[in-house]
Amino acid sequence: MRYYGSVYRPPSEAYSLIVQVTYGCSHNTCAFCSMYKEKRFALRPLQEILEDFRMARKMYRHVDKVFLADGDALVRKAEELYVILDTVRELFPECQRVTSYASPSSIQIRTEEELRTLRAKGLTMVYMGLESGCDEVLTFMHKGHTAAHIVEMGQKVRACGIALSVTAITGLGGPELLESHAIETAKAFNAMNPEYIGMLTLMVEPETPLYDWLHEGKFQLLNQPQVLKETRLLMEHLDSPGSVFRMNHASNYLVLKGTLNQDRDAMLRTIDAAEHDLSRLRPEEWRGL
């Protein structure tokens, strides 16, 4: 397979066939994000994309899942996306799902008819970053959208039959916005009621504005007790029946897994146990928990 620059995919796409449909991210100004910085956003030539799929068919005997990279596949013309999905279905009749990242902007430019057609042609799920339900956090982090707009686009996707996986980031509001970040993020999740909810923990990457702000004293990271407090607040305010909740990314030191709302109390008990264990340690021992 042919790839240009760094390629990123969700953890659940580890065993998927990954083909770049676009290069980079059309927004690419989020203050916390270091992805795609080495390349400008561009549409990959359609014929190259189709060639890659034909190459993959010769290389792989069985392909269950396909992920359309990079950060914004849905910005392509609808007719080109139809051709891509038709090609996947023709070459890989055994394929069970096709997924991609989607931004609020790329969802907005798609009509509901186009989204329904994409679903009919095999686009089964999209991954969208909420990051926070708190507008103050979103503005500070240069997300480029309000929480209400992100929620609206998530609802649009779901109404058109495409499954939705949404992520947010613990600690993104720092200590000052801890409570509003947790509670408003839970409210945003509830309003979208996505099939999947994923929580990451903030990791500050070099060569990002957030990295500079941290070292200039303009931003402060949460300590472990604060992370647990924020996680508890989020969990207490989640009301999203049927959503599969995962907090098991490499960035997370506390693993939470369950289905809402039925497993919420069990996950709260896991948080209780972590807080209890943490209370018995000195601050210098927290990271070893």
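No experiment lies behind these values; they were computed from the predicted model shown.

A. Region of the structure containing the overall build of the chain. A count of helical and extended segments in the chain gives ten helices and ten strands. Taken over C-alpha atoms, the radius of gyration comes to 20 Å for the chain, in line with the 19 Å a tight globule of 289 residues would show. Judged by the C-alpha coordinates and their principal axes, the chain covers about 60 × 40 × 35 Å. Put simply, the chain has 289 residues, and 50% of those count as buried. Looking at the chain alone, contacts between residues at least 24 apart form 75% of all its contacts between residues at least 6 apart. Carbon together with sulfur atoms contributes 50% to the accessible area of the chain, which is approximately 13,600 Å² in total. Of the side chains in the chain, 33 bear a positive and 38 a negative charge, and the two mean positions are spaced by 6 Å.

B. Inspection of the sheet that holds strand β10 (residues 256–259) at higher detail. Taken together, the eight strands give an open sheet; going across it, the order is β1-β4-β5-β6-β7-β8-β9-β10, and neighbouring strands pair in mixed fashion. Bordering the open sheet on either side are β1 (17–20) and β10, each of which pairs with just one other strand. The sheet shows a mean angle of 20 degrees between the axes of neighbouring strands, taken without regard to direction. Bridge analysis of β1 against strand β4 (residues 65–69) gives four bridges, and the strand direction is parallel. Counterpart to Val-19 in the pairing with β4 is Leu-68. In the packing of helix α6 (residues 147–159) onto the sheet, contacts are made with β6 (123–131) and β7 (163–170), and the angle to β6 comes to roughly 170 degrees. Of the strands in this sheet, β6, β7 and β8 (196–201) touch helix α7 (residues 178–192), which is tilted by about 180 degrees from β7.

C. Structural view of the environment of Asn-193. Along the chain, Asn-193 falls in the loop between α7 and β8. The class of Asn-193 is partly exposed, set by a relative accessible area of 23%. As for Asn-193 and Arg-158, which are separated by 35 residues in sequence, their C-alpha atoms are 8.8 Å apart. For Asn-193, the contacting residues outside a window of four places in its chain are Arg-158, Ser-240, Pro-241 and Ser-243.

D. Region of interest: the packing of helix α2 (residues 78–91) against helix α4 (residues 112–120). Closest axis-to-axis distance for the α2/α4 pair is 10 Å, and the angle between their directions is 10 degrees. Comparing their axes, α4 and α2 come out roughly parallel. Residues Ala-78, Leu-81, Tyr-82 and Leu-85 of α2 form the contact with α4, whose participating residues are Glu-114, Thr-117 and Leu-118. Here the residues of the contact of α2 with α4 sort into five nonpolar, one polar and one charged.

E. Representation of the pairing of strand β9 (residues 244–247) within the structure. Here β8 pairs with β9 via three bridges, running parallel. The partner of Gly-198 across the bridge, within β9, is Arg-246. Relative to β10, β9 runs antiparallel, the two being bridged by four bridges. When the sheet's bridge partners are listed, Val-244 is paired in β10 with Thr-259.

F. Fine view of the environment of Val-137. In this structure, Val-137 sits in helix α5 (residues 135–140). The class of Val-137 is buried, set by a relative accessible area of 2%. Considering only alpha carbons, one finds Val-137 and Leu-172, 35 residues apart in sequence, at a separation of 7.1 Å. Non-local contacts of Val-137, meaning those with residues more than four positions away in its chain, are made with Ser-132, Leu-172, Gly-173, Leu-177 and His-181.

G. Representation of the pattern of salt bridges. All told, the structure shown has 20 salt bridges when counted by the stated rule. Here Glu-13 makes a salt bridge to Arg-97, at a shortest N to O gap of 2.7 Å. Of this pair, Glu-13 sits in the segment before β1 while Arg-97 sits in strand β5 (residues 97–101), and the two are 84 residues apart along the sequence. Taking relative accessible area as the criterion, Glu-13 reaches 0% and is therefore assigned buried. Close ionic contact of Glu-48 with Arg-44 constitutes a salt bridge, the shortest N to O distance being 3.2 Å. A residue is classified by how much of its surface remains accessible, and Arg-44, at 2% relative accessible area, is buried. Among the charged side chains, a network of salt bridges with common partners joins Arg-2, Arg-44, Glu-48, Glu-51 and Asp-52.

Reading the values: the criteria
Residues numbered from 1 in each chain as written. Predicted model: local features only at pLDDT ≥ 70, side-chain atom pairs only at ≥ 80, totals over all residues. Heavy atoms only, no water. Helix = DSSP H or I, 4+ residues; strand = E, 2+ residues; numbered from the N terminus. Rg over C-alpha atoms; globule rule 2.2 N^0.38 Å. Buried < 20%, exposed > 50% of the residue type's maximum accessible area, 1.4 Å probe, protein only. Contact = heavy atoms within 4.5 Å. Areas by Shrake-Rupley, 256 points an atom, 1.4 Å probe, with all protein chains shown as cover. Lys, Arg positive; Asp, Glu negative; His and termini not counted. Charge placed at Lys NZ, Arg CZ, Asp CG, Glu CD. Pairing = 2+ DSSP bridges. Axes fitted to C-alpha atoms, helices over the stretch in contact; angles between N-to-C directions. Parallel < 35°, antiparallel > 145°, perpendicular 65-115°, else oblique. Nonpolar A, V, L, I, M, F, W, Y, C, P; charged D, E, K, R; others polar. Salt bridge = Lys/Arg side-chain N within 4 Å of Asp/Glu carboxyl O.

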